[in-house]
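# Fold and geometry: a report
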Amino acid sequence: MVRFENVGVRYGVGPEVLRDISLHIAPASFHFLTGASGAGKSSLLKLMYLALFPSRGRMEMFGQDISITHRRDLPALRQRIGVVFQDFRLLGNLSVFDNVALPLRLAGEDEKRTQNNVSELLDWVGLGARLDDGPDTLSGGEQQRVAIARAVISKPSLLLADEPTGNVDDRIAYRLVRLFEELHRSGTAVVVATHNDALVRRFSHPVLTLNDSMLYPASAYAGAELGAGSDIKAGPRRKSG
Amino acid sequence: MAAPDLIPDSEGAGRFLPWVVAVMVFFAALAGAAALALHQATGTWRNDLANTITVEISPLDSPSGGDGRNDDSAGARAARESERLAAVTAVLRATAGIIGVRPLETAEIASLLQPWLGDSGPAGLIGDLPLPRLIDVQLSATERVDLSALAKRLAGIGPGIRIDDHQIWLGKLVRLSQSLQWMMAACLAMICFATCAVVIFGTRAAFAAHLEVVELLHVMGARDGYIARLFQWRAMTMGLKGGLIGLAVTAAALFALSRLAADLEGPLFGDLALSPFALLVLATLPFLAAALTALTARRTVLRELSRLP
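A few points on the structure. (Residues numbered from 1 in each chain as written. Chains lettered and ligands numbered in written order. Predicted model: local features only at pLDDT ≥ 70, side-chain atom pairs only at ≥ 80, totals over all residues. Heavy atoms only, no water.)

## Some details on the overall build of chain A
Within chain A, the regular secondary structure consists of seven helices and ten strands. By residue count, 54% of the 241 residues in chain A fall in the buried class. (Helix = DSSP H or I, 4+ residues; strand = E, 2+ residues; numbered from the N terminus. Buried < 20%, exposed > 50% of the residue type's maximum accessible area, 1.4 Å probe, protein only.)

Below is the structure:
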């Protein structure tokens, strides 16, 4: 589904913010992505949701080599990816309902089906009574649930969450990951970026760790157990010393 | 989803766009009206004069006549002039291709001079002038008249008889009119250019103001055309609003100008009134302005989007 080979990213003429990244995210897998602030987690996620292209290396998304994919074909790939942003990025001038319905409408989904699916999902995340409210009237936790609902409404093949637990307490954070696990069980590949090591240790999913712009499998760096059949096929060797 | 929901009207750059478009449409409508009126008038002048010539018979010299005799009394001179007029008229009526011959009365000729010499009556200045006799000749639209041969035949009647086919006067007038039309067209082109520049500036500002929304839509898989349509719709609405305001102001200005022109009572100014077709063309300006702003906004957004991955 996602395959990187020796991918490097630099902004302008600056130093590489990601170096020699090689990874493989298989369909219906679940990964944590950890690393200190500024380690490059967001840049790696940006690569995966096609908001950034590598400066070098080979990157394949859904079986397509991104370097030779025509620009007009990228939206179709992006529509297969759901993203939960750290700052939610809800549109303040749209209602909760319209925010969640946005991906379906962009994909040209039938309006009646959109209405049903969005109402059902918002009921499921406990916001069925807030359909017409603006995001600004919701609490932080409620906004996050709207953001998650928006990310999963189109049943994406790949769900990327950038620090979804950053602004919530441990109990809510645990429930959030459980929610992502439910989606994972329905066939969605999930990558959750977090710097909450304690949370990561409560689950048995493989961990990708970014350090010094390079990606390491968890067993080699973070000490967490890799799940059986880890999808990480290759990673750079840990720097000695 | 209605497009304005996603890209709300910004507080900044977009707000002045309708007023700029209104001003541009006002100037464009004035330039267009002038060009259309001149074009129309030129056509009218051409048609009016294409099948007419004027034969001018100069007055006999006094005291020495053009034919060399110098003992004429005023009465005898008038009689000879009448004879010449009759002879010329007879030649004209006998010429194939001429369908109408109408000698102008002296009073009509005097009335043509009134705007310059004043209404002094037969006993005044005009009455004292040796006025030429003029004959208005209508030519057939289908049968060509050999004007050179006709001129020779008329010259055989006596000196001082010449044909004026109006081509020199008409040529100058048409050249002036066409030059003015080109200037108006250049004005319209500059107005379009300035409008596009303003729309590009405003769209870029709106794009920057809504960059977060644009990036979000982009990441969600919105196609460039979809995002461009959001701005295009917004620009078109503002362009149409501005265009209608500009057209309303233009209508008031043209109405005032037409009232002023009517007071001039000049023979040429009557031809400058706008035809229904010209008015229809002017009425389309707000829609053209809306289309121009929409297309410019679309191209601008597509260009900005091409910088995103």
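## Describing the packing of aromatic side chains
Residue and element names in this part refer to chain A. Using the criterion set out here, one finds six aromatic pairs over all chains in the structure. Seen from their ring centres, F32 and F203 are 6.1 Å apart, and the 50° between their planes marks the pair as tilted. Of this pair, F32 sits in strand 3 (residues 30–35) while F203 sits in the loop between helix 7 (197–201) and strand 9 (207–211), and the two are 171 residues apart along the sequence. Owing to a relative accessible area of 0%, F32 belongs among the buried residues under this scheme. You can call F203 buried: its relative accessible area is 9%. Pairing Y174 with F203 gives two aromatic rings, centres 5.2 Å apart and planes at 25°, and the pair type is stacked. Taken together, the residues Y174 in helix 6 (residues 170–185) and F203 in the loop between helix 7 and strand 9 connect sequence positions 29 residues apart. Residue class for Y174 comes out partly exposed when judged on its relative accessible area of 26%. Sitting over the ring of F62, R80 keeps its end group 4.2 Å from the ring centre. Above the ring of F85, the side-chain terminus of R89 is found at 4.2 Å from the ring centroid. (Phe/Tyr/Trp six-rings, centres within 6.5 Å; stacked < 30°, edge-to-face > 60°. Lys NZ or Arg CZ within 6 Å of the ring centre and 35° of its normal.)

## Structural notes on the interface of chain A and chain B
Between chain A and chain B, the residue contacts involve 23 residues of the former and 19 residues of the latter. Where chain A abuts chain B, roughly 1900 Å² becomes buried across the two surfaces, and 65% of that area is made up of carbon and sulfur atoms. If you sort the residues of chain A by the area they bury against chain B, R71(A), R78(A) and L106(A) come out on top, with a joint share of 33%. One can count one salt bridge joining chain A with chain B. Notably, a salt bridge pairs R71(A) with D224(B), separated by 2.7 Å at the nearest N-O pair. Between chain A and chain B we count seven residue pairs in polar contact (both at pLDDT 80 or more) in total. For the side of chain A that touches chain B, the secondary-structure elements that each account for two or more residues are helix 2 (74–78) and helix 3 (96–106) of chain A. With five residues, helix 3 of chain A is the single largest residue contributor to the side of chain A that touches chain B. Here the residues of the side of chain A that touches chain B are counted per class, giving 14 nonpolar, two polar and seven charged. (Contact = heavy atoms within 4.5 Å. Buried area = accessible area lost by both parts, 1.4 Å probe. Salt bridge = Lys/Arg side-chain N within 4 Å of Asp/Glu carboxyl O. Polar contact = N/O pair within 3.5 Å; in protein donor to acceptor, adjacent residues only side chain to side chain. Nonpolar A, V, L, I, M, F, W, Y, C, P; charged D, E, K, R; others polar.)

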